[in-house]
Structure formats: structure tokens, C-alpha cells
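One-letter residues, chain by chain:
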Amino acid sequence: LMSRNFTEIQTPKLVAAATESGANVFKLDYFGRPAFLAQSPQFYKQIMVGVFERVFEVGPVFRAEPHDTTRHINEYVSLDAEFGFIENHFTVMAVLREVIAGILTTLNEEYSAELKLLHLQIPAVPQEIPHIFFADAQELIFQRYGTDVRGEPDLSPQDERWLGEWAQKEFGSDFLFVTGYPMRKRPFYTHPDPERPEYSNSFDLLFRGTELVTGGQRLHLYSDYIAALEKAHLPIEPFESYLEAFRYGMPPHGGFAIGLERLLMQLTGVPNIRLTTTFPRDLTRLTP
């Protein structure tokens, strides 16, 4: 990212509003005022696009989701990137492809001994990662596997596994972009598809049949944010400092976030994400 003129930033982990516009946040008392542990640096990295144009951060994020699965933990390390002057979410996908390829190349070049010890072979990243539109992916699952998931707002873990198998068979790729998730499943700051406004200019990157990265194009016009918050039935007041940047002008921009522990889980083939972090935090584990 630095070689592509990104600036590394650090953002607060104590925030005044939930970035994902949901209830799955850790709430705490901040000197008599409500505050939250940051679900992501989303608002701050967007604001900093107006300063540095291209920014990234590596740091902890917190999700108060009551999951008890092999692929979820409640605190993890995220690489978040955001940059301006994009055309649409495909611009973001192209940069993400380079970042993933750079990570895997570094592992191959600098950690060959560790990879050999673990009997791991780093997968090749296609020059262009294949992609499929969300509704087309659902139709494919129905036609090929007989499970009617059409109309569902998201993909289940089983759906992702099926699509991963399909990508491997059709393209010989461990990676697959699924684009155009329904707007009702994406955060309020997501940019809709201009031609199909019920769908979004967003994507997930599946790696070996598991969601690894979420990203997309964001709204950048102040008026669109006001309309989006009203449509989501969210109050404007908690987001006022965030919206101020858009009041004075922001370029079209977008970004993505990669979870470290899930990347390691998929690379190493371990059965549980708790094996890829030293001190996992889940529904029952708060110590050591």
C-alpha cells in the first residue's frame, strides 16, 4: 500500500456512533456519555481520504455479534484501506487484488522456512480474479445445487463454500469476487448501483469458499448521506462530525477490510479461527 502512495493512519477505538448502523456493538460509559468500541475505522478512514487521498490502518476491531462459530471472534485485527477518485467498486477490487498478491508474495519470499515446516503452499492469485453478480450467484446455486436461495439478502457459509468449489472448477481460482449485494444488507454509507439501485456497488472476496474481504464504493455527496440516514431510520446527530467532511466536498471513494485471523485460517487450513490468534475473544472467553 505504501508503494502505491497510501498513508498509514491510526484512528480511535472509542467512538460515539456505531459504524455499521447495527446493534452489534460493545457499549460503554464514557464519562457519563454513551460510547462504543469501534466496529471498524470506517468513518475516520473516509474522512482522511479528504486529507491524504489514500489511507490504510492495521489495528483491532470489535464486533459484539453473538456468534459461536468456527469462523467468528469478537476482537480481531483488520487491515482497512480507503482511497479517492475511483470510478466504482471495480477500481477498489483491482487494488485489493494487488494487495492480496503482495501479501502472499511476501509470505513466499520471506517465510519459506515456516511454510515448509507447516507443509503449506501459497495459492496463486489470478491476474484478474473472477467475479459474479450476487443475484447470478444465487441463480447458479439454485441451478447447480438445487437449493433455492433466490431473494435472500446475503450468502450463507454453505453458499460461499459452493461458490468456492465452482470458482475452483471453472477458473482454477481459490479467489472469487461476489459483487452487487442488496442495499438492504449493506451499511448506509454504501453507494447503490446507479442502474439497479436495489443492489450496491459493493463486493465480498471469497477465499477458498469463505468470505475474507468486504468492500465497495461509498457515498460521497452530503445530500445522499442525509437521504440514506433517513431511509435507514437513523438519527443525524451522532454522525454530524462524520458528515461535516462531506458537507465541504469529498471525491468518489471506496475501500476494503481484510481480517488477519480469517486469512490465516484459510491459508493454513486449520478448522477454527481461534487457532490463528494468541488470545481469542468470543462469547465465553475474556481471559487470559
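Summarised in this report is the structure supplied together with it. Treat the numbers as computed from the prediction; the structure is a model and nothing was measured.

Turning to the sheet that holds strand β4 (residues 33–37), a few remarks are in order. Across the sheet, 3 strands lie side by side as β2-β4-β3; this open sheet has antiparallel pairing. Edge positions in the sheet fall to β2 (14–15) and β3 (27–30), since each has one partner strand and no second. Pairing of β2 with β4, which is carried by 2 bridges, proceeds in the antiparallel orientation. Paired with L14 across the two strands is L37, which belongs to β4.

Per the counting criterion, the structure on display carries 16 salt bridges. For the salt bridge of R144 with E170, the shortest nitrogen-to-oxygen distance reads 3.8 Å. Residue R144 is located in helix α4 (residues 134–145), and its partner E170 is located in helix α5 (residues 157–171); the two are separated by 26 residues in the primary sequence. Between D193 and R196 there is a salt bridge, with its nearest N and O atoms 3.4 Å apart. In this structure D193 comes out as buried when scored by relative accessible area, which is 11%. For R196, a relative accessible area of 36% puts it in the partly exposed group.

Our next topic: α4. With 12 residues, α4 ought to run about 16 Å at 1.5 Å a step, and its terminal C-alpha atoms sit 16 Å apart, in line with that. Within α4, the full set of buried residues consists of F134, A137, Q138, L140 and I141. Take α4 and look down its axis: the buried residues cluster within an arc of 160°, on one side only. Contact partners of the buried residues in α4: β7 (131–133), α5 and β8 (175–179). Looking one or two residues past α4, G146 carries a phi angle of roughly 80°, positive in sign.

Interaxial distance between helix α6 (residues 222–231) and helix α7 (residues 240–247) falls to 8 Å at its minimum, and their mutual angle equals 145°. Of the residues in α7, those in contact with Y222, Y225, I226 and L229 of α6 are Y242, L243, F246 and R247.

One can find E160 in helix α5. When residues no more than four places from it in sequence are discounted, the contact partners of E160 are R71, L155, L206, G209, T210 and E211.

Before going further, it helps to examine the nonpolar core. L96, I100, F256 and I258 are the most contacted members of the largest nonpolar core, which has 30 residues in total. Breaking this core down by element, the ones donating at least two residues are β6 (75–84), α2 (89–110), β8, β9 (202–207), β10 (210–217), β11 (253–259) and α8 (260–268). The element best represented in this core is α2, accounting for 8 residues. Discounting chain neighbours no more than four positions away, the residues touching I258 are V77, S78, L79, L96, V99, I100, I103, L212 and V213. One finds V55, Y225, I226 and Y242 within the second-largest nonpolar core, a separate group that totals 18 residues.

Let us now look at the layout of surface pockets. In this approach, a probe sized like a water molecule rolls over the atoms, and the result shows the empty space that is left. Volume-wise, the second largest pocket comes out at about 290 Å³. Every residue lining the second largest pocket is counted, 14 residues in all, and those nearest its centre are L79, I103, L107, L260 and L263. Among the secondary structure elements, those contributing two or more residues to the lining of the second largest pocket are β6, α2, β11 and α8. Broken down by element, the residue count for the lining of the second largest pocket peaks at 4 residues, all from α8. Looking at side-chain class alone, the lining of the second largest pocket contains 11 nonpolar, 3 polar and no charged residues.

Bridge count for β3 against β4 is 4 bridges, and the pairing is antiparallel. In the strand pairing of β4, L28 is matched with A35.

Cut-offs applied
Residues numbered from 1 in each chain as written. Predicted model: local features only at pLDDT ≥ 70, side-chain atom pairs only at ≥ 80, totals over all residues. Heavy atoms only, no water. Pairing = 2+ DSSP bridges. Helix = DSSP H or I, 4+ residues; strand = E, 2+ residues; numbered from the N terminus. Salt bridge = Lys/Arg side-chain N within 4 Å of Asp/Glu carboxyl O. Buried < 20%, exposed > 50% of the residue type's maximum accessible area, 1.4 Å probe, protein only. Expected span 1.5 Å × (residues − 1). Arc of directions from axis to C-beta. Contact = heavy atoms within 4.5 Å. Axes fitted to C-alpha atoms, helices over the stretch in contact; angles between N-to-C directions. Core = buried A, V, L, I, M, F, W, Y, C linked by side-chain atoms within 4.5 Å. 1 Å grid on protein atoms, 1.4 Å probe; cavity = no way out; pocket = protein on both sides within 12 Å on 5 of 7 lines; lining within 4 Å. Points joined across faces, edges and corners; volume = space filled by probe spheres on them. Nonpolar A, V, L, I, M, F, W, Y, C, P; charged D, E, K, R; others polar.

These figures come from the coordinates and say nothing about function on their own.
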